[in-house]
Amino acid sequence: MAARIMVNAPASAAKGEVIEIKTMIAHKMETGHRMGTMGQIIPRDIIHRFECRYDGALVFAADLFPAVSANPFITFTTVATKSGKISFKWIDDKGKSSTSSVKIKVT
Amino acid sequence: MIRAGLAAALICTSASAADMPAPKSGLEYVSPETRALQADDFANPGMLWVSGGADLWRAATGTSGKSCQSCHGDAKQSMRGVAARYPLYEPKTKRPIDLQVRINQCRTERQGAKGLGFESEELLSLGAYVAHQSRGLPVKPPQDERLTPFIKNGEKLYFQRMGQIDISCAACHNAHAGQRLSGNLIPQAHPTGYPIYRLEWQSAGSLQRRLRGCMSAVRAEPFAYGAAEMVDLELYLMSRAAGLPIETPGVRP
């Protein structure tokens, strides 16, 4: 199955308005501290970086660590400045990056 | 709705209904934070499975080249109310069949595809998507007398002591619902939100996974996934939950 991502952001906002953005991605966030059935360490595989760009400019980023639960839910606010694309990127330890984007109309 | 549920429960399980209080969803036993998580579709992690299931519903698969949608159309209409009445009687096997096995039956017999494994991401996602279409509808077990012996067997299992700890489902969920077991409130065991997202699992899971968890906890050998006993238990639990609204995807600690 493809990466499962949920993003919720307003489709339109007034210029200067503070908007809330909610994001969630399905990821097991394997800590690297657990052992498998044979006692071997299960290698760490977490999303360690999340970035949000508004019309290309970085407006929010987070470094994530092994204590973050599976399927990380990140919610934050930004200011609606102009109409354009808000894009999101999650990068995990295996180097896999998942992306998503939404359009916003600012009046 | 609660009164209707009680009436139905009285008909199905006259012996056991007397010691049960009015049916209450497990949602009423969780913290306000967990309840808020379930209520917000953009914060409810179970929705990841629902949205994954929506993609699978539309994806053609197997030798038939058909998707679920090719036959069933828009799930929002065709699947509404389905999860509220399962498990149903399957004449071919002369046994009740639950939603997961029905999905696999559709795949193998009609789509020409492989059946999906129990607890696989795909089966949980499709199950969550189908059950989600019934959210808010009351559990309405079919009035089918062919199911009666299986409900009776499920009831017997529910009241049967098992495992090294030697207690039954009823010993906690009927006799002590609302009280605490090592810090957690014991719910009445109404399976209204499955597949649910459990914070403990960090994942969605089926009712059978949940039942196996309880069986391990009383140090019994859990019934295998898909075992006849499991389906009978599911059937009994659904008959007992009649009238409560479906919540899929539920969120529980």
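A brief report on the enclosed structure follows.

Parameters at a glance
- Counting restarts for each chain, with residues numbered from 1 along the sequence as it is written.
- Each chain gets a letter, beginning with A, and each ligand a number, beginning with 1, in the order they are written.
- Where totals are concerned, whole chains, interfaces and linings use all residues; where local detail is concerned, this predicted model gives features only for residues with pLDDT of at least 70, and gives and counts side-chain atom pairs only at 80 or more.
- Note: side-chain values were computed over all heavy atoms of the structure, leaving out hydrogens and water.
- Two strands are said to pair when DSSP picks up at least two bridges between them.
- Where helices and strands are cited, they refer to DSSP runs of H or I of at least four residues and of E of at least two residues respectively, numbered from the N terminus.
- In this description, a line fitted to the C-alpha atoms serves as the axis of each element, helices being fitted only across the stretch in contact, and the angle between N-to-C directions of two axes falls anywhere from 0 to 180 degrees.
- Only heavy atoms enter the contact rule, under which two residues are in contact if any of them lie within 4.5 Å.
- Summed over both partners, the accessible area (1.4 Å probe) lost when two parts come together is defined as the buried area.
- Salt bridges are defined as contacts in which a side-chain nitrogen from Lys or Arg sits within 4 Å of a carboxyl oxygen from Asp or Glu.
- Residue types Ala, Val, Leu, Ile, Met, Phe, Trp, Tyr and Cys, when buried and joined through side-chain atoms within 4.5 Å, form a set referred to as a nonpolar core.
- For every residue, the accessible area (1.4 Å probe, protein chains only) is compared with the maximum for its type, and the residue is labelled buried under 20%, exposed over 50%, or partly exposed between those bounds.
- By the definition adopted for this analysis, an angle is roughly parallel if under 35 degrees, roughly antiparallel if over 145, roughly perpendicular if from 65 to 115, and oblique otherwise.
- Each residue is assigned to one class: nonpolar for Ala, Val, Leu, Ile, Met, Phe, Trp, Tyr, Cys and Pro, charged for Asp, Glu, Lys and Arg, and polar for all the others, Gly among them.

### Focus on the sheet that holds strand β3 (residues 18-25) of chain A
Across the sheet, which stays open at both edges, the three strands sit in the order β1-β3-β6 (chain A) with antiparallel pairing between neighbours. Edge positions in the open sheet fall to β1 (5-8) and β6 (73-79) of chain A, since each of these has one partner strand only. Mean inter-strand twist for the sheet, computed between neighbouring axes without regard to direction, equals 15°. Of the pairings in the sheet, the one linking β1(A) to β3(A) comprises four bridges and is antiparallel in character. Pairing of A:Asn8 across the sheet is with A:Lys22, part of β3(A). Of the strands in this sheet, β1 and β3 of chain A touch helix α4 (residues 47-58) of chain B, which is tilted by about 110° from β1(A).

### So, the sheet that holds strand β8 (residues 97-106) of chain A
Residue and element names in this part refer to chain A. What the five strands build is an open sheet, ordered β2-β8-β7-β4-β5; its pairing is mixed. Looking at strand neighbours, the two that pair on one side only are β2 (12-13) and β5 (57-63), the edges of this open sheet. Relative to β8, strand β7 (residues 84-92) runs antiparallel, the two being bridged by eight bridges. Each bridged residue has a counterpart across the sheet, and for Ile-91 the counterpart in β8 is Ser-97.

### Things to note about the interface of chain A and chain B
When the parts come together, some accessible area is lost, and that loss is often what is quoted as the size of the interface. The interface of chain A with chain B comprises 14 residues on the first partner and 17 residues on the second. Interface of chain A and chain B: buried area, both sides summed, is about 1,300 Å²; carbon and sulfur atoms make up 61% of it. Linking chain A to chain B there are two salt bridges. A salt bridge links A:Arg4 to B:Glu121; the shortest N-O distance between them is 3.6 Å.

### Let's talk about the nonpolar core
B:Trp49 and B:Trp57 are the most contacted members of the largest nonpolar core, which totals 29 residues. Among all residues touching B:Trp49, those that are not within four sequence positions of it are A:Arg4, A:Asn71, B:Glu121, B:Leu124, B:Ser125, B:Ala128, B:Tyr197, B:Ser203 and B:Ala204. With 23 residues, the next largest nonpolar core counts B:Leu157, B:Tyr194, B:Met215 and B:Met230 among its residues.

### Describing the pattern of salt bridges
Going through the model one piece at a time under the given rule, you end up with 18 salt bridges over all chains. A:Asp55 is paired through a salt bridge with A:Lys82; the nearest N and O atoms lie 3.6 Å apart. With A:Asp55 in the loop between β4 (47-54) and β5 and A:Lys82 in the loop between β6 and β7, the pair connects residues that are 27 residues apart, well separated along the chain. Assessed through its relative accessible area of 39%, A:Asp55 is described here as partly exposed. Note that B:Lys92 and B:Glu109 form a salt bridge whose closest N and O atoms lie 2.9 Å from each other. Residue B:Lys92 is found in the loop between β1 (88-90) and β2 (95-97), and its partner B:Glu109 is found in helix α8 (residues 99-111); the two are separated by 17 residues along the sequence. Relative accessible area serves as the criterion here: at 57%, B:Lys92 is assigned to the exposed category. Among the ionic contacts, a cluster of salt bridges with common partners joins A:Arg49, A:Glu51, A:Arg53 and A:Asp63.

### Details of the packing of α8(B) against helix α9 (residues 121-132) of chain B
All names here are of chain B. Put simply, α8 and α9 touch, their axes get as near as 10 Å, and they point 110° apart. Here α8 is positioned roughly perpendicular relative to α9, judged by the angle of their axes. Where α8 abuts α9, its residues Leu-99, Gln-100, Ile-103 and Asn-104 lie against Leu-123, Leu-126, Gly-127 and Val-130. Grouping the constituent residues of the contact of α8 with α9 by class yields five nonpolar, three polar and no charged.

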